[in-house]
Amino acid sequence: MDLLRRAGKYIPARGPPLPFSTDEKGKLRPRRTLASRFAYLRRPLRLKGNSTISVPLGVVILFPCIVVILILVLFVRHPSSSGGRILMPAGAPPAIRKISEKHDKVFVTGCLEPDTSKPRANAAFVVLARNKELDGVIESIKSIERHFNRWYHYPYVFLNDGDFNQTFMDTVQKYTSGTVEFGKVGEEMWGYPDWIDPKVAKEGVNKQGDNAIMYGGMESYHFMCRFYSGHFYKHHLLEKYEWYWRLEPEIKYFCDITYDPFLAMIENNKTYGFTIAVKELRETVPNIFRYASAYRRLNNLTSQGLWEMFVEPQPDKGPEESSSSSGRPAEIDPEAMEGEKYNMCHFWSNFEIARLDFFRSKEYEDFFQMMDRSGGFWMERWGDAPIHSLAAGALLAPRDIHYFRDFGYRHTTIQHCPANAPARQLPRQPYLEMTTVDERKRQLEDQYWEDFDPPKENGVGCRCRCDTDIVEVEGKDGSCLPEWVDVAGGWASP
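Report follows, based on the coordinates. All of these numbers come straight from a predicted model, not from anything done at the bench.

Next up on the list: the nonpolar core. With 68 residues, the main nonpolar core has Phe227, Phe232, Leu306, Phe359, Tyr364, Leu390 and Trp484 as its most contacted residues. Apart from residues lying up to four places away in sequence, leucine 390 is in contact with Ile288, Phe289, Ala292, Trp307, Phe310, Tyr342 and Phe367. Counting residues in each nonpolar core, the second largest holds 45 residues, with Ala121, Leu247, Tyr409 and Val473 among its members.

Shown next, in the form of structure tokens:
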């Protein structure tokens, strides 16, 4: 035994370790190696009681841990970003980057005490709706009244391709603080024009439905897009107005608008205002750019700086790509016109504040007539948003456009909602919406907006409380904010 003790004590360090060692009392004990300590992880576990297949215990323990780690990595990093951008929680106001004020700037940063002493602009809200959309209309009116019109009381014009029933008209007037007019859209503005064969047009619409193009198979959707593209501003109820603010059913505003945007547009010599710019579905407008580009060419129009927002940037070609060096003719892009290709960007026109004389101008009317006669409203699913946008690109300059970045706005699953401006928030005046009969519910509705989001650096909003179930559009794939920033003068902050 003494020999064994001595052998365990004096074995050369470079030799293999013996399977035993001595403790402080000199007794022999089995040497515990790292492998022996985790030997239990190799213990086989049968998948079932009588199964011949077994899995090591270590695999069973480690597998769920690995899954959890992978989920966390995927959650905090953007899946399409090679740089591993960290995602903000859905809907949270992003860290705002300042945009150059070369051509445009936010009219009011943060809150003001509403100045209702000035004369109102010659303007109205315009709502195209049907009787069955009453609930969505109420939702929109309650939102715009709470956040803006409770101070300014601008009138409303409601339009319908049918007749409004008495219930719709009576109910709407309970929610509005301004005067209300109801009108019908006549056959000359709604439906198939007299110069097209209805059978051919219907066949084009039905084909789009067969091809599963979004809204392409809905005849009424084509009617609506054409109406908003070239007819709404000609309706007799709008003839007396100079400005309009478009409202849709089921929209939501998030921020208090404590100034008059119509007067601000006038004072800053603006023509068209937007709050969201996104990309169109390519399959809905395959030939729209062909005709818009032809309009510019036929009228000898040169860009005033806005057209570039809607054109894909030209790639830099090296000498090796030229036809002279390769000996082959340059490849022709079948979708390009005059060497330009549509990038699908457009101002999302379900919200827009605009000067009506822009649409009433001869230049815009000529543009609409050319687009209309092409048949694109029927053979394709041209929306009023790209029509308005491409017309603006052809006829206006960046200085004529205003980005209402301080407006928080949501329609369907797309929203823009800014961070609140630091040191520019004011106490909120309660707004108890009296059409809500339940007193407790009325109080809760108002208290919800009392708890607005905390300010953030470079924020521009006033008492905004953003929805958190969807991502802010400014940093979302498909947003055209970068294209707007390029023509507006670039970023002013990192």
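Continuing now.
Okay, the state of the cysteines next. As used in these notes, a disulfide is a covalent bond between sulfur atoms, one from each of two cysteines. A full pass over the atoms with the stated rule returns four disulfides. Put simply, cysteine 255 and cysteine 464 are joined by a disulfide, and their sulfur atoms are 2.0 Å apart. Between cysteine 255 and cysteine 464, the S-S torsion sits near 110°, and that sign places the bridge as right-handed. Of this pair, cysteine 255 sits in the loop between strand S9 (251-253) and helix H8 (261-267) while cysteine 464 sits in the loop between helix H15 (439-450) and helix H16 (481-488); the two residues are 209 residues apart in sequence, bridging distant segments of the chain. Here cysteine 255 and cysteine 464 have matching classes, each one buried. Linked covalently through their sulfurs, cysteine 345 and cysteine 480 form a disulfide whose S-S length is 2.1 Å. Disulfide cysteine 345-cysteine 480: the torsion about the S-S bond is -95°, which places it as left-handed. Taken together, the residues span a long stretch of sequence, with cysteine 345 in strand S12 (residues 345-347) and cysteine 480 in the loop between H15 and H16 at a distance of 135 residues. Of the two residues, cysteine 345 and cysteine 480, neither departs from the other in class, the shared state being buried.

Turning our eyes to something else, we now look at the sheet that holds strand S16 (residues 414-416). One key point about sheets: their strands pair by backbone hydrogen bonds, in either a parallel or an antiparallel sense. Taken in spatial order, the three strands of this open sheet run S9-S15-S16, and their pairing is antiparallel. The open sheet has two edge strands, S9 and S16, and neither has a second partner. For this sheet, the mean angle separating the axes of adjacent strands, direction not counted, is 10°. Bridge count between S9 and strand S15 (residues 409-411): three bridges; the pairing is antiparallel.

Attention now goes to the sheet that holds strand S14 (residues 401-403). One open sheet holds the seven strands; their spatial order is S7-S6-S5-S8-S13-S10-S14, and the pairing between them is mixed. Either end of the sheet is taken by a strand with one partner, and the two such strands are strand S7 (180-184) and S14. Adjacent strand axes in the sheet meet at a mean angle of 25° when their direction is disregarded. Bridge analysis of strand S10 (residues 272-274) against strand S13 (residues 353-355) gives two bridges, and the strand direction is antiparallel. Counterpart to tyrosine 272 in the pairing with S13 is alanine 354. Along the sheet, helix H7 (residues 219-230) makes contact with strand S5 (123-128), strand S6 (156-160) and strand S8 (243-247), crossing S5 at roughly 165°.

With that settled, the discussion passes to the side chain of arginine 226. Mapped onto the elements of the fold, arginine 226 is located in helix H7. Look at arginine 226 and you get buried, because its relative accessible area is 6%. In this structure the side chain of arginine 226 is engaged in a polar contact, spanning 2.9 Å, whose partner is the side chain of aspartate 372. Setting aside its immediate chain neighbours within four residues, arginine 226 contacts Met189, Gly191, Pro193, Trp195, His231, Phe368, Asp372, Phe377 and Trp378.

Together, Met214, Tyr215, Met218 and Leu281 give the surface a local cluster of nonpolar side chains, amounting to about 360 Å² of exposed area. Checked against the element boundaries, leucine 281 lands in the loop between strand S11 (277-279) and helix H9 (288-298).

Another aspect to go through is unusual backbone geometry. Although it is not a glycine, tyrosine 215 adopts a positive phi angle of roughly 65°. Assignment of secondary structure puts tyrosine 215 in the loop between helix H6 (198-210) and H7. For tyrosine 215, a relative accessible area of 39% puts it in the partly exposed group. Of note in the backbone geometry, methionine 344 takes a positive phi value of approximately 75° without being a glycine. Positionally, methionine 344 belongs in the loop between helix H10 (323-326) and S12. Since its relative accessible area comes to 6%, methionine 344 is described here as buried.

Time to look at the side chain of glutamate 474. Inspection of the secondary structure assignment puts glutamate 474 in the loop between H15 and H16. According to the relative accessible area criterion, glutamate 474 is buried, its value standing at 13%. Reaching out from glutamate 474, the side chain makes a polar contact with the side chain of tyrosine 403 at a distance of 2.6 Å. Engagement of the side chain of glutamate 474 in a polar contact is seen with the side chain of arginine 405, the distance being 2.8 Å.

The subject of this paragraph is a negative patch on the surface. A cluster of acidic side chains, namely Glu133, Asp135, Glu139 and Glu250, defines a negative patch on the protein surface. Turning to its location among the elements, glutamate 250 is positioned in the loop between S8 and S9.

When the terminal C-alpha atoms of H6 are compared, their 18 Å separation across 13 residues agrees well with the 18 Å that a helix rising 1.5 Å per residue should span. Every buried residue of H6 is accounted for by Ala201, Gly204, Val205 and Gln208. Viewed along the axis of H6, the buried residues span an arc of 95°, placing them on a single side of the element. Those residues of H6 that are exposed and angled more than 90 degrees off the buried face are Lys199, Glu203, Lys207 and Asp210. Residues of H6 that are buried in the fold lie against H7 and helix H13 (376-379). The N-cap residue of H6 is aspartate 197: its side-chain oxygen and the backbone nitrogen of lysine 199 are 3.0 Å apart. Positive backbone phi, at 60°, marks alanine 212, one or two positions downstream of H6.

Calculation notes
Residues numbered from 1 in each chain as written. Predicted model: local features only at pLDDT ≥ 70, side-chain atom pairs only at ≥ 80, totals over all residues. Heavy atoms only, no water. Core = buried A, V, L, I, M, F, W, Y, C linked by side-chain atoms within 4.5 Å. Buried < 20%, exposed > 50% of the residue type's maximum accessible area, 1.4 Å probe, protein only. Contact = heavy atoms within 4.5 Å. Disulfide = S-S within 2.5 Å. Helix = DSSP H or I, 4+ residues; strand = E, 2+ residues; numbered from the N terminus. Pairing = 2+ DSSP bridges. Axes fitted to C-alpha atoms, helices over the stretch in contact; angles between N-to-C directions. Polar contact = N/O pair within 3.5 Å; in protein donor to acceptor, adjacent residues only side chain to side chain. Patch = residues over 30% accessible without salt bridge, like charges linked within 9 Å, V, L, I, M, F, W, Y side chains within 5 Å. Areas by Shrake-Rupley, 256 points an atom, 1.4 Å probe, with all protein chains shown as cover. Salt bridge = Lys/Arg side-chain N within 4 Å of Asp/Glu carboxyl O. Lys, Arg positive; Asp, Glu negative; His and termini not counted. Charge placed at Lys NZ, Arg CZ, Asp CG, Glu CD. Expected span 1.5 Å × (residues − 1). Arc of directions from axis to C-beta.

None of the figures reported here should be taken as evidence of function without further support.
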